[in-house]
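# Examining the three-dimensional arrangement
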Amino acid sequence: MCDTCGCNVTPGNRDLAEGRQATQVLGSLLKVNDHQASHNRVHFNGHGVLSVNLMSSPGAGKTALLEATAELLDGDLRIGVIEGDLETENDADRIRACGVPVVQICTGTACHLDAHMVHDALHELDLGSLDVLFVENVGNLVCPASFDLGQHHNVALLSTPEGDDKPAKYPVMFRSADLVLLTKRDLAPYMPEFDATKAANYVRQLGNAAPILEVSSKTGGGLGDWTDWLRRGVTELRTNLAVPSASLGS
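Residues numbered from 1 in each chain as written. Predicted model: local features only at pLDDT ≥ 70, side-chain atom pairs only at ≥ 80, totals over all residues. Heavy atoms only, no water.

## Some points on the pairing of strand 5 (residues 153-159)
In plain terms, the rule: Accessible area is worked out with a 1.4 Å probe on protein chains only. A residue is then buried under 20% of its type maximum, exposed over 50%, and partly exposed in between. Numbering of helices and strands runs from the N terminus, with a helix taken as a DSSP run of H or I at least four residues long and a strand as a DSSP run of E at least two residues long. Should DSSP find at least two bridges between two strands, the strands are regarded as paired.
Of all seven residues that make up strand 5, six are buried, and the element is covered over most of its length. Across four bridges, the pairing between strand 1 (residues 50-55) and strand 5 is parallel. Across the sheet, residue methionine 55 finds its bridge partner in strand 5, namely alanine 156. Alignment of strand 5 against strand 6 (residues 179-183), held across five bridges, turns out to be parallel. Each residue of the ladder has a partner; that of leucine 158, found in strand 6, is leucine 182.

Shown next as structure tokens:
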């Protein structure tokens, strides 16, 4: 789909990628990206801001989760958002309506955000006024997992309508997740074919022991555990960085 992550390189054209071996091309891209990601992380750490990369397929409920999170936290934690989409500011407008500072990144044809895009967006945010910065990545179960943005945590969303086997089909994203959210669980009575236990087992089979929470942004179910996870994350980060926890929400 894009020219930056290698998803347009297939076994049939691998040796022709930009006239060089694809592994060299992609290796160079990732090396440069990782350097910028480290720089981004310095920014986050310098302000004691927990950075969270939200990844999922399109329509899994990332923006709805952020809307519900903003309402639940209500100043308890100060949050900001970087929104990634190919086009439009539709999701950014929804976040702005919650009173949350947001920067929209329109990637054009790129199917993921990279560290340089995030770095540019950081110049439009006051990190000193935030406790948590969410990066809502482009809806895609493949490429976003390959690019470090400088985040402290990856959170992967799997919605009830998608089916419980997605962790098995798209292992890279779910293997790298520090938290897995099973979303739209208010639909469970209407979609009994989604087996939450089976979804969790697929994650465990990837060797990932990350917490798995069932949530519903519509009803609020499970979101208390989600916001508690965020609070712990901020406290742990600032403890490790020797930033006073008293600054939380100040």
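## Some thoughts on helix 2 (residues 62-73)
Spelled out, the test is: Multiplying 1.5 Å by the residue count of a helix minus one yields the expected span of that helix.
Its 12 residues give helix 2 an end-to-end C-alpha distance of 16 Å, which sits within 8% of 16 Å, the value for a rise of 1.5 Å per residue. All buried positions along helix 2 are accounted for by Lys62, Thr63, Leu65, Leu66, Ala68, Thr69, Ala70 and Leu73. At the exit of helix 2 stands aspartate 74, carrying a positive phi of roughly 45 degrees.

## Some details on the pattern of salt bridges
Convention followed: Any Lys or Arg side-chain nitrogen located within 4 Å of an Asp or Glu carboxyl oxygen qualifies as a salt bridge.
Scanning all chains against the criterion turns up 12 salt bridges. The closest approach of N and O atoms between aspartate 131 and arginine 238, which form a salt bridge, is 2.8 Å. Separated by 107 residues along the polypeptide, aspartate 131 in the loop between helix 4 (115-122) and strand 4 (132-136) and arginine 238 in helix 8 (residues 223-240) bring together distant segments of the chain. Across this residue pair, the class does not change: aspartate 131 and arginine 238 are buried.

## Section: the nonpolar core
Nonpolar side chains in soluble globular proteins tend to end up buried together. To keep things clear, this is the line we draw: For the purposes of this section, nonpolar cores are sets of buried Ala, Val, Leu, Ile, Met, Phe, Trp, Tyr and Cys residues that join through side-chain atoms within 4.5 Å. Whether two residues touch is decided by their heavy atoms; if any such pair falls within 4.5 Å, the residues are in contact.
One finds Val52, Leu54, Val132, Phe134, Val155, Leu181 and Trp226 to be the most contacted residues of the largest nonpolar core, which totals 30 residues. Listing elements by their share of this core, those giving two or more residues are strand 1, helix 2, strand 2 (79-85), helix 3 (90-96), strand 4, strand 5, strand 6 and helix 8. In terms of residues, this core owes the most to one element, helix 8, which gives six residues. Ignoring sequence-local partners within four residues, the contact set of leucine 181 consists of Leu65, Val155, Ala156, Leu157, Leu158, Leu213, Val215 and Trp226. In this structure, Ile82, Ile105, Val118 and Leu127 belong to the second largest nonpolar core, which totals 16 residues.

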